[in-house]
Amino acid sequence: MSTAFLTHPDCTNHITPNGHPEQVARLEHIYRALSAPGFTTLDRREAPECEDADILLCHPQSHLNAITAAVPSQGVVALDGDTHMSPGSLQAARRAVGGCIAAVDAVMAGEVGNAFVACRPPGHHAEQSTPMGFCLFGNAAIAARHAMERHGLSRVAVVDFDVHHGNGTQALLWDEPRSLFIGSHQNPLWPGTGMPEETGAHNNVQNWPLPPHSDGRLMRATYEAEVLPALERFEPELLIVSAGFDAHADDPLAQLEWTESDFVWLTERLCDVAQRHCAGRVVSTLEGGYDLNALAASVAAHVKVLMERAG
Ligand SMILES: [Zn+2]
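Residues numbered from 1 in each chain as written. Predicted model: local features only at pLDDT ≥ 70, side-chain atom pairs only at ≥ 80, totals over all residues. Heavy atoms only, no water.

Things to note about empty space enclosed by the protein
Rolling a probe over the atoms, with the probe sized like a water molecule, indicates the empty space that remains.
Piece 1. For the structure shown, the criterion picks out one cavity of 30 Å³ or more.
Piece 2. Roughly 30 Å³ of volume is contained in the largest cavity.
Piece 3. Lining the largest cavity, in full, are Val241, Thr267, Leu270, Cys271, Val282, His302 and Leu306.
Piece 4. Looking at the lining of the largest cavity, the elements that each hand over two or more residues are α8 (260–278) and α9 (292–309).
Piece 5. Per element, the largest residue contribution to the lining of the largest cavity is three residues, and it comes from α8.
Piece 6. Of the residues belonging to the lining of the largest cavity, the class tally is five nonpolar, two polar and no charged. (1 Å grid on protein atoms, 1.4 Å probe; cavity = no way out; pocket = protein on both sides within 12 Å on 5 of 7 lines; lining within 4 Å. Points joined across faces, edges and corners; volume = space filled by probe spheres on them. Helix = DSSP H or I, 4+ residues; strand = E, 2+ residues; numbered from the N terminus. Nonpolar A, V, L, I, M, F, W, Y, C, P; charged D, E, K, R; others polar.)

Rendered as structure tokens:
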């Protein structure tokens, strides 16, 4: 089987202010990297626009209404100091949700072995009623709920290795006993949450803060000692990955010192778990990563492993 690659040109119509790190060029660099000869066998698919009901799996109608009402007719509006919307942002965000939903469907149907969704805006900071940290809707959490509600899964794991804590995904899945959310992230760092004592309503949340300037050795040790054994015990039927690449040493927003080879190692280990428990079913969705060259190289390395493991 192959690896699905889901994206849509609409995701480049989400415009942020000049100098904003979450910029259109991120996707352009990813597209260029994945146009190299080694990626010709990717199963390239358009990320469909989601339905309202998809967003409502995790957010109240009032949040969808507020985001819809915030769309400007021109220019860029700020929802907070970090999070912006342009005329194309709602459509882009609906593609980001829809891409994750379609990726789950394709993997669950056995059409592809695994999938990578490269849409924006990202999602892991969006809480139930609060857009936050460049994010409007909780893409990964919605994908997890979709897998549970519509594919009948009872054990969906979400691993978030973005350098920032996935506070939104954690909030959206906090009281969801069918999911296990595990995040690793730099601490101290914005948004300041993600402490080990945040364990969810059903012991279904794990947080592994990593100190600034730590490198891939501590990441690997933490995953080997804690994260991977927890995933093994959970025996997931589907593994969703919030793939942020801002733990890279070159990233301007944080101070972890991972390299491309660390993302390769981590992707391999996550695929190992998926192969043992759920026929390799992995849906990975882009979150952060703000040094354009490091982002492109890291995404390419991540996707290469997914392709090798898709069978
Ligand atoms: Zn991040």
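More follows now that the structure is in view.
Description of the coordination of the zinc ion
By definition of the ideal shapes, a tetrahedral metal site with four donors has angles of 109.5 degrees and an octahedral site with six donors has angles of 90 or 180 degrees.
Piece 1. Within the protein, the zinc ion binds to Asp162 (OD), Asp162 (OD), His164 (ND1) and Asp246 (OD); these donor distances fall in the range 2.0 to 2.8 Å.
Piece 2. Viewed at the metal, the four donor atoms of the zinc ion are separated by angles of 52 to 155 degrees, and the geometry they form is irregular.
Piece 3. Counting residues between consecutive donors of the zinc ion along the chain gives the motif D-x1-H-x81-D. With His164 in the loop between β6 (156–160) and α6 (167–172) and Asp246 in the loop between β9 (238–243) and α8, the pair connects residues that are 82 residues apart, well separated along the chain.
Piece 4. Overall, the relative accessible area of 8% leaves His164 in the buried class. (Donors = N, O, S within 2.8 Å, 3.2 Å for Na, K, Ca; no water. Tetrahedral: all angles 85-135°; square planar, octahedral: opposite > 155°, others 65-115°. Buried < 20%, exposed > 50% of the residue type's maximum accessible area, 1.4 Å probe, protein only.)

Considering the layout of surface pockets
Piece 1. In this structure, the largest pocket spans a volume of roughly 170 Å³.
Piece 2. Taken together, 16 residues line the largest pocket, and the ones lying closest to its centre are His125, Phe134, His164, Trp190 and Leu253.
Piece 3. In the lining of the largest pocket, the residues fall into seven nonpolar, five polar and four charged.

Focus on the sheet that holds strand β10 (residues 282–286)
Strand-to-strand pairing in sheets goes through backbone hydrogen bonds, with the strands running parallel or antiparallel.
Piece 1. Spatially, eight strands are ordered β2-β1-β5-β10-β9-β6-β7-β8 in an open sheet, and the strand pairing comes out parallel. A single partner strand is all that each edge strand has here, and the edge strands are β2 (43–46) and β8 (205–210). Across the sheet, the mean angle separating the axes of adjacent strands is 15 degrees when strand polarity is ignored.
Piece 2. Here strand β5 (residues 114–117) runs beside β10; their pairing, made up of four bridges, is parallel. Looking across to β10, one finds that Val117 is bridged to Thr285. (Pairing = 2+ DSSP bridges. Axes fitted to C-alpha atoms, helices over the stretch in contact; angles between N-to-C directions.)

Description of the packing of α8 against α9
What describes two packed helices is the angle between their axes and the distance between those same axes.
Piece 1. Two elements in contact, α8 and α9, have axes separated by 9 Å at closest approach and are oriented at 30 degrees. With respect to their mutual orientation, α8 and α9 come out roughly parallel. Once α8 is placed against α9, the crossing between them reads as right-handed. Facing α8, whose interface residues are Glu260, Phe263, Val264, Thr267, Glu268, Arg269, Cys271, Asp272 and Gln275, α9 presents Ala297, Ser298, Ala301, His302, Val305, Leu306 and Arg309. (Parallel < 35°, antiparallel > 145°, perpendicular 65-115°, else oblique. Left-handed = near helix turned anticlockwise from the far one by under 90°. Contact = heavy atoms within 4.5 Å.)

Topic: unusual backbone geometry
Piece 1. A cis amide bond links Arg120 with the next residue in sequence, Pro121, at an omega value of 5 degrees.
Piece 2. Structurally, Pro121 can be placed in the loop between β5 and α5 (139–151).
Piece 3. The step from Trp190 to Pro191 runs through a cis peptide bond, and the omega angle for that step is 5 degrees.
Piece 4. With respect to the helices, strands and loops of the structure, Pro191 is situated in the loop between β7 (179–186) and β8.
Piece 5. Of note, Glu235 is a non-glycine position whose phi angle comes to about 50 degrees, a positive value.
Piece 6. Residue placement: Glu235 occurs in the loop between α7 (216–234) and β9.
Piece 7. Located in the positive-phi region is Ala279, a residue other than glycine, with phi close to 55 degrees.
Piece 8. The topology assignment puts Ala279 in the loop between α8 and β10.

A few points about the pairing of β10
Piece 1. Buried residues dominate β10, accounting for five of its five residues.
Piece 2. Side chains Val282, Ser284 and Leu286 project from β10 onto one buried face, and the interleaved Val283 and Thr285 project onto a second face that is buried too.
Piece 3. Relative to β10, β9 runs parallel, the two sharing five bridges. Across the sheet, the residue bridging to Ile240 is Val283, located in β10.
Piece 4. In this fold, the crossover linking β9 to β10 by way of α8 has right-handed handedness. (Right-handed = clockwise from strand over helix to strand, strands pointing away.)

Purely spatial values, then, with no claim about function.
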